Amino acid sequence: MLHLKEAELEEAELQHRQYVLEFEAYKVIDIAIDETEQEVAERLTEPVEKIATSVLPLLTSGRYSGITLDKDLRITGIRYEGLDVRPEELSTGAQGQLALAIRLALIHHMAGNERQTVIIDDALVHFDATRLEEAKKLLTRSARKHQIIYLSCHEQLSNWLGALVHTVERMQAQ
């Protein structure tokens, strides 16, 4: 009987050692993933923040001068006349301009020198006339490097200088 219990104890100790080794391996993997996420965040956040900060004043007629992002690319502050404001404090139009600035920054940074196809769906719909024209200019400039496909059901966006525009009516007539 004692011999059987010793064998069970040896088996349990072996199992315990295997669990400890497995646990240690998971800890190493967890640390490696955390370090990799931090490295990716550092390599992504700073450039995207910098590019978006250069684009945002163009889209907002200089009203907003920059943004700060956390490591998860969440907006932590928008600079407005020397103050940091939160995204939820912005008008719907300003939130759209901020979103477009971040999208363009991500596209520019992630694409590098590669030409990309970019699909934008009604991102300009809440812009006032002045900011709409600035956004159109910025997207037209971006279209020199990337193929920009802009989808909209709003008539005011069908007249875009330098763009090939297809309306539903025009597409149905073809």
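For the structure itself, consult the block above.
Treat the numbers as computed from the prediction; the structure is a model and nothing was measured.

**Q** So what about the packing of helix 2 (residues 92-111) against helix 3 (residues 129-142)? Which residues, and what values?
**A** For any two helices packed against each other, the geometry comes down to the angle between their axes and how far apart the axes lie. For the pair helix 2 and helix 3, interaxial distance at closest approach is 12 Å and the crossing angle is 10°. As far as their axial angle goes, helix 3 and helix 2 are roughly parallel. Every residue of helix 3 that contacts helix 2 at Gln97, Leu100 and Leu104 is listed here: Arg131, Ala135, Leu138, Leu139 and Ser142. Looking at the contact of helix 2 with helix 3 residue by residue, the class counts come to 5 nonpolar, 2 polar and 1 charged.

**Q** Tell me what's going on with the pairing of strand 4 (residues 117-121), and back it up with residues and numbers.
**A** Burial along strand 4 is one-sided: the residues Val118 and Ile120 are buried and none of Thr117, Ile119 and Asp121 is. Once the chain exits strand 4 it traverses helix 3 before rejoining the sheet at strand 5 (residues 147-151), and the crossover so formed is right-handed.

**Q** Let's hear about a nonpolar patch on the surface: which residues, and what values?
**A** Together, Tyr26, Ile29 and Ile33 line one region of the surface with nonpolar side chains, adding up to about 320 Å² of accessible area. Among the secondary structure elements, Tyr26 is positioned in helix 1 (residues 2-59).

**Q** Kindly report on the side chain of Asp122, identifying the contributing residues and their values.
**A** You can see Asp122 is positioned in the loop between strand 4 and helix 3. Buried and unpaired, Asp122 has Arg103 as its nearest opposite-charge partner, separated by 9.7 Å. Here Ser152 takes part through its side chain, which lies 2.6 Å from a polar atom of the side chain of Asp122. In this view, Asp122 contacts Tyr150, Leu151, Ser152, Cys153, His154 and Leu157; residues no more than four positions away in its chain are not counted.

**Q** Quick one: what's the story with the packing of helix 1 against helix 2, residue by residue and with numbers?
**A** Where helix 1 contacts helix 2, the two axes come as close as 8 Å, and the packing angle between them is 130°. Judged on the interaxial angle alone, helix 2 and helix 1 are oblique. Regarding helix 1 and helix 2, the two cross each other, and that crossing is right-handed. Here Arg43, Leu44, Pro47, Val48, Ile51, Ala52, Val55, Leu56 and Leu59 of helix 1 come into contact with helix 2, specifically with Gln97, Leu98, Leu100, Ala101, Ile102, Leu104, Ala105, Leu106, His108, His109 and Met110.

Reading the values: the criteria
- Residues numbered from 1 in each chain as written.
- Predicted model: local features only at pLDDT ≥ 70, side-chain atom pairs only at ≥ 80, totals over all residues.
- Heavy atoms only, no water.
- Axes fitted to C-alpha atoms, helices over the stretch in contact; angles between N-to-C directions.
- Helix = DSSP H or I, 4+ residues; strand = E, 2+ residues; numbered from the N terminus.
- Parallel < 35°, antiparallel > 145°, perpendicular 65-115°, else oblique.
- Contact = heavy atoms within 4.5 Å.
- Nonpolar A, V, L, I, M, F, W, Y, C, P; charged D, E, K, R; others polar.
- Buried < 20%, exposed > 50% of the residue type's maximum accessible area, 1.4 Å probe, protein only.
- Right-handed = clockwise from strand over helix to strand, strands pointing away.
- Patch = residues over 30% accessible without salt bridge, like charges linked within 9 Å, V, L, I, M, F, W, Y side chains within 5 Å.
- Areas by Shrake-Rupley, 256 points an atom, 1.4 Å probe, with all protein chains shown as cover.
- Salt bridge = Lys/Arg side-chain N within 4 Å of Asp/Glu carboxyl O.
- Lys, Arg positive; Asp, Glu negative; His and termini not counted.
- Polar contact = N/O pair within 3.5 Å; in protein donor to acceptor, adjacent residues only side chain to side chain.
- Left-handed = near helix turned anticlockwise from the far one by under 90°.

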